[in-house]
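If you want the building blocks of each chain, they are given just below.
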Amino acid sequence: MDESYVEKILKARVYDVAIESPLEAAPRLSRRLANDVWFKREDLQPVFSFKLRGAYNKIASLGDEVARRGVICASAGNHAQGVALAARRRSIPAVIVMPRTTPEIKVQAVREFGAEVVLHGDDFDHAYEHALGIMNERGLTLIHPFDDPDVIAGQGTIGMEILRQHSGKLDAIFVPIGGGGLIAGVGLAIKAARPDVRVIGVQAEALPAMRRALEARSRVTLPSAPTIADGIAVRQVGELTLALASRCVDEVVTVTEEETANAILLLLEIEKTVVEGAGATPLAAILNRRLGLARRNVVLVLTGGNIDVTMISRIIVRGLVKDGRLVRFGVILRDQPGALARLTALIAECRANIVHIEHDRAFSHAAIGESRVELTLETAGAEQIAAVKQRLTEAGYGLEEPYS
Ligand SMILES: *Cc1c(COP(=O)(O)O)cnc(C)c1O
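Residues numbered from 1 in each chain as written. Predicted model: local features only at pLDDT ≥ 70, side-chain atom pairs only at ≥ 80, totals over all residues. Heavy atoms only, no water.

Colleague: Got a minute to help me understand the sheet that holds strand S2 (residues 36–41) in this structure?
Modeller: Each strand in a sheet pairs with its neighbour through backbone hydrogen bonds, running either in the same direction (parallel) or in the opposite one (antiparallel). Taking strand neighbours across the sheet as the criterion, the 6 strands line up as S1-S2-S10-S7-S8-S9 in an open arrangement whose pairing is mixed. Only two strands of the sheet have a single neighbouring strand rather than two, namely strand S1 (23–25) and strand S9 (251–255). Taking each pair of neighbouring strands and ignoring which way they run, the sheet shows an average axis angle of 25°. Looking at chain direction, S2 and strand S10 (residues 297–302) are connected through 6 bridges and run parallel. Bridge pairing in S10 links Asp36 to Asn297. Where helix H12 (residues 257–271) meets the sheet, it contacts S2, strand S8 (198–204), S9 and S10, and its direction lies at approximately 85° from that of S9. Strands strand S7 (172–176), S8, S9 and S10 of the sheet are contacted by helix H13 (residues 277–288), whose axis makes an angle of about 155° with S10. (Pairing = 2+ DSSP bridges. Helix = DSSP H or I, 4+ residues; strand = E, 2+ residues; numbered from the N terminus. Axes fitted to C-alpha atoms, helices over the stretch in contact; angles between N-to-C directions. Contact = heavy atoms within 4.5 Å.)

Colleague: Honestly, the site of the ligand in this entry has me stumped. Any pointers?
Modeller: As a structural note, the neighbourhood of the ligand is formed by 17 residues, with Lys51, Asn78, Gly178, Gly180 and Thr303 the closest of them. Here an oxygen atom of the ligand sits 2.8 Å away from a polar atom, N or O, in the main chain of Gly178. Measuring from an oxygen atom of the ligand, one finds a backbone N or O atom of Gly180 at 2.8 Å. In the complex, 98% of the free accessible area of the ligand, which totals 380 Å², lies under the protein chains. Residues of the shell around the ligand, tallied by class, amount to 7 nonpolar, 8 polar and 2 charged. (Near = heavy atom within 4 Å. Polar contact = N/O pair within 3.5 Å; in protein donor to acceptor, adjacent residues only side chain to side chain. Areas by Shrake-Rupley, 256 points an atom, 1.4 Å probe, with all protein chains shown as cover. Nonpolar A, V, L, I, M, F, W, Y, C, P; charged D, E, K, R; others polar.)

Colleague: In this structure, what is going on with the packing of helix H9 (residues 181–193) against helix H11 (residues 239–248)? I would like to understand it.
Modeller: At a minimum axis separation of 9 Å, H9 and H11 run at an interaxial angle of 40°. In terms of orientation, H9 and H11 fall into the oblique class. The crossing of H9 and H11 is left-handed. Contacts between H9 and H11 involve Gly181, Ile183, Ala184, Gly187, Leu188 and Lys191 on the former and, on the latter, Thr241, Leu244 and Cys248. (Parallel < 35°, antiparallel > 145°, perpendicular 65-115°, else oblique. Left-handed = near helix turned anticlockwise from the far one by under 90°.)

Colleague: Can you help me understand the packing of helix H3 (residues 51–61) against helix H8 (residues 149–165) in this one?
Modeller: Relative orientation and spacing of two packed helices are given, respectively, by the angle between their axes and the distance between those axes. Between H3 and H8, the least distance of the axes is 7 Å, while the angle of their chain directions is 130°. In this view, H3 runs oblique relative to H8, as classed from their interaxial angle. Note on packing geometry: the crossing formed by H3 with H8 is right-handed. Taking contact as the criterion, the partners of Lys51, Arg53, Gly54, Asn57, Lys58 and Ser61 in H3 are, on H8, Asp150, Val151, Ala153, Gly154, Gln155, Thr157, Ile158 and Glu161. Looking at the contact of H3 with H8, its residues break down into 3 nonpolar, 6 polar and 5 charged.

Written out as structure tokens, the structure is:
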């Protein structure tokens, strides 16, 4: 079975649409982690994720007559764009069923590839059911996001590329797991040639569907849960993918939301690379898990870069707050002319920047003759903020918790 998969992977047609993505060394991160870290840059694909590999391989395998009738899938994410692009490349119609809650920007992206978008239901399950109905009605072919041999083989081309691109010592490959198509393909390719390389799957702690399924030796369905790793938010893994993963995956680890957010920020800040939540989970795993991998060669598959800017901005602000580079607190002043000027002068002497300031002369627990300032400061970090607070306290100002 594995051999026929290897053959399928070798024969997979993906390069009509996908690039052979670079495998890049990450020297700054490598120093920080005392490992040799390499990134497989699937975030650089035309639709900013690897999904077009599997989708195109499946679509390319269809006979002309079947293909002409068209394809369908249910997805609000990367699979939708992969299928839409792959169908356009083969000049066949595509119907993409998306939950009504899908952000307009994602709907638009799919429409721009010429696909027909059907908005239905409040979540993926309802959209999927509706897609099956349309499939039967119109005689379309369903392009499954993971549980399909041709899709798995298409994703497996990533494994073949890594083998070609990294001929030196290689200890482990970290692969995010949603439905399991990616790790099944990559794992089979890697194990066929270099069985000593550890294949490590990564899931969000909120939705560890593969980990549970491997433990139970059968597919489990988890309740839905929100996660910033939305690309791997799958409640039940595939039948095929579970069978394959049980043979080629050495270990599945989970990461928290916080760890994933930190990994996104770290990639932004030190590698100048934008990845989405799912794509950052391999880094989150290696940052936070004792995996016995010191001074080893590890490949992290950065699976996608589709993250919206509001999410990036929330992650950046949270990170700044955590590092003490952005801080908010209250200061009690004497309510008299010039008091505010003296306060801001003192803050300037400490070389901190005022980002936001609100002067409240009628706050509820004020003594007569007091006022309160709510300050947001930008500083170089926790040390500077401690220095500012000490200086203010010494000058006789009362400090308070920020308004929540
Ligand atoms: C789909 C996806 C995954 C997981 O792939 P599966 O085949 O579902 O396991 C990981 N990362 C991103 C960005 C994805 O879009």
